[in-house]
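# Coordinate analysis (summary)
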Amino acid sequence: MRILFIHADYIEYEAKQKAMQSAEDIDKKKERYDEALVAFISVEEGDTAIVDKSVNEIKDVSKKVNVDRIVLYPYAHLSSNLAPPSEALDVLRKLESVLSKEYEVHRAPFGWYKSFVISCKGHPLSELSKEIRGEGEKPKEEESDALKAEKKKVTYWYVMTPDGTLHDVNDFNYTDYPALKKFVEYEISGTRAVREIPPHVELMQKLEIADYEPGSDSGNMRYYPKGKMMKALIEEYVEKKVLEYGAMQVETPIMYNYEHPSLKSYLNRFPARQYIVLSGRDKYFLRFAACFGQFLMMHDATISYRHLPIRIYELAKYAFRREQKGELVGLRRLRAFTMPDMHTLAMDMEQAKAEFKKQYEMAMEVLRDFGLELGDYEVAIRFTRDFYENNKDFIVSLVKLVNRPVLVQMWDERFFYFVLKFEFNFVDSMNKAAALSTVQIDVENAERYGITYYDENGEKRFPYILHCSPSGAVERVIYAMLEKAHMNAQRGVKPAFPLWLAPTQVRIIPVKDEFLGCAVQEMEQFQKEGVRVDVDDRDLSVSRKIRDAEKEWIPYIVVIGEKEKKSGKLTVRIRGNGVKVMDREELLAVIKEHLSGKPSRPLPLPPLVSMRPKFRG
RNA sequence: GCCACCGUAGCUCAGUCGGUGGAGCGCCACCUUGGUAAGGUGGAGGUCGCGGGUUCGAUUCCCGCCGGUGGCUCCA
């Protein structure tokens, strides 16, 4: 059976004349139905056996478009393998009677030439065709171009273990890797989550990190002082990392001309997801990654094989993707986001692979410094069959580096621009996955952009290009940290940020006003050492101030009163780890150990808590 | 983009079967000077998301829009 569904504002039809002897007798020739799901149906040989299945298909579609009125419209033109009219009418009547139990069902007369007018709603689900077959029946082979293109997309899913074995995703034993299981489900079938606000959204607001900005387009956030500081630190950290790795930092424009030939052919590969900027009569699109500017720069550069590999880096601030409304969530998916983007030109596949592996290791280090360890994220490695056949050991070596099973996706033929890609994916408390770090080996864009280098013989050649974001979007890193903290809290572990990212690292609480002076003196000692420290000078009880500090996830809370003034020691409440009496130097040593090698920034808010506005509630 | 639900004080929410509203937190003032997760009293604060419609009268009912969330689709 073949069905063409149209979700219609209305359909009108009129039976004109009988098309066959066995046409139904009818009393009313003209009908009109509003707000209906119209099913144009060709009944094929043997369909009597699959009436139930067809009913379910129709119900399924009705549910998706949320209609309770169904019009069954006999339509022979969808198939060249029609059932005899008597059988067809019988099947249609059965459909009608079964569906009538739950829906308002109308059936257009069978065996008539009819005129009709239909108004299709035009949303993505409003036009849909289905072919329904019984078990064991095979579709007729028709090798259209579209089908061939579809075939290229044939993808194979596996789980690869560190010993290099490819396991069927359905047979793999996930007992020790529940998050991998969730990730695999998310990738292959999508997940169904219960209805609730994502935990990180509540946290980003409560902690005054980021918030929605109704005055802008959706997916463009505001960042409060604490959030801005965290973002800046993350950016500085990644930047330091890639510069140490050997990248050259550049800056390129955020908007590009629609008509530029290289850009045009790149854009045409993808559905329109750009922000458009009109400047006078010219049309520009906002970049969705830093590729464009860097590729155009490399196009104009003169490069020798002796220079390779060369790496250029830019913090794409912002990258813009006009994602669909329904896809935007908190900090997980945005329309404007900050993405560290590094491109490496490699002479040949060997060099590309060597770089790929180093960047993979760098990405692991980067995530670790954000407090995301192996096991907090799931690895996906994707490649073409060709690449796999020629580089099995290389791929296995990547899996060995993380020493845990990873999701593998393999395509028969290349239909993206890359032959190899990995991502580190964070799986959140709602079982949604989001890609963080990624590296890809691009075999297509050097040619598209005319990026070349001169080889030993002075011949122009196209390099391979690696795309690398060691951390993924900065906002998404914060999302992952917040979600991890939330999952910790659910397990009874106090949620916290890595010390180097905590907006306040040490809070000093004077027991009463007369110790405020001591508290401020103590604060200055910590300030001198570059620690983000503040004093809660508000007229509140000690326990109240402790409570507020805990709610801010402050790692070290120092209470100062009579005792401390006399002894010169500090009473320190260590987050999640009780209260300890220690020397200032001792505490400083612990803090400095955590901070070594990380960028630092001053306190994002006034040092006296009483001087701070509330940005939210 | 589609479907569904939601939008009341800065925040979290209650309420009005159509007659312009309330609590807790926060804020302000006063009292309290405190020892590791909420000290007390009082006060100010609202175009009930925005725009139309119905009505003598709309925060409440209807339509449209904006924003948020979930699902679908999507995710270079």
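Since we're looking at a predicted model, the values are computed, not measured.

Looking now at the protein's contact with RNA strand B. As a matter of local geometry, RNA strand B sits amid 48 residues, with Y212, R273, E327, K512 and E564 nearest to it. With respect to RNA strand B, the side chain of D513 contributes an N or O atom lying 3.3 Å from a base nitrogen. With respect to RNA strand B, the side chain of E564 contributes an N or O atom lying 2.4 Å from a base nitrogen. Mapped onto the surface near RNA strand B, the elements with two or more residues apiece are helix 15 (542-551), helix 16 (562-567) and strand 27 (570-574). When residues of the surface near RNA strand B are assigned to their parent elements, the largest contribution, 6 residues, is made by helix 15. Residue composition of the surface near RNA strand B, by class: 14 nonpolar, 13 polar and 21 charged.

Before going further, it helps to examine the sheet that holds strand 27. Pairing in this open sheet of 5 strands is mixed, and the strands run 25-24-26-27-28 from one edge to the other. The two strands at the open ends of the sheet, each matched to only one other strand, are strand 25 (533-535) and strand 28 (579-582). Averaged over all pairs of adjacent strands, the angle between their axes in this sheet comes to 25 degrees, without regard to strand direction. When strand 24 (residues 506-510) meets strand 25, the two strands line up parallel, connected through 3 bridges. By the bridge assignment for strand 25, I508 is matched with V535. The strands that helix 14 (residues 516-528) touches are strand 24, strand 25, strand 26 (556-560) and strand 27; relative to strand 25, the one it contacts most, it runs at about 170 degrees. Lying over the sheet, helix 15 contacts strand 24, strand 26 and strand 27, oriented at roughly 165 degrees with respect to strand 26.

A few words on the environment of D442. Along the polypeptide, D442 turns up in strand 20 (residues 433-442). A residue is classified by how much of its surface remains accessible, and D442, at 1% relative accessible area, is buried. Along the primary structure D442 and H467 are separated by 25 residues, whereas in three dimensions their C-alpha atoms are 7.2 Å apart. Apart from the residues within four sequence positions on either side, D442 is in contact with F295, Y417, F418, Y464, I465 and H467. Only 2.6 Å separates the side chain of D442 from the side chain of N445, close enough to count as a polar contact. Side-chain polar atoms of D442 contact the side chain of H467, separated by 2.8 Å.

Rules behind the numbers
Residues numbered from 1 in each chain as written. Chains lettered and ligands numbered in written order. Predicted model: local features only at pLDDT ≥ 70, side-chain atom pairs only at ≥ 80, totals over all residues. Heavy atoms only, no water. Near = heavy atom within 4 Å. Polar contact = N/O pair within 3.5 Å; in protein donor to acceptor, adjacent residues only side chain to side chain. Helix = DSSP H or I, 4+ residues; strand = E, 2+ residues; numbered from the N terminus. Nonpolar A, V, L, I, M, F, W, Y, C, P; charged D, E, K, R; others polar. Pairing = 2+ DSSP bridges. Axes fitted to C-alpha atoms, helices over the stretch in contact; angles between N-to-C directions. Contact = heavy atoms within 4.5 Å. Buried < 20%, exposed > 50% of the residue type's maximum accessible area, 1.4 Å probe, protein only.

Any functional reading would require information beyond the geometric quantities listed.
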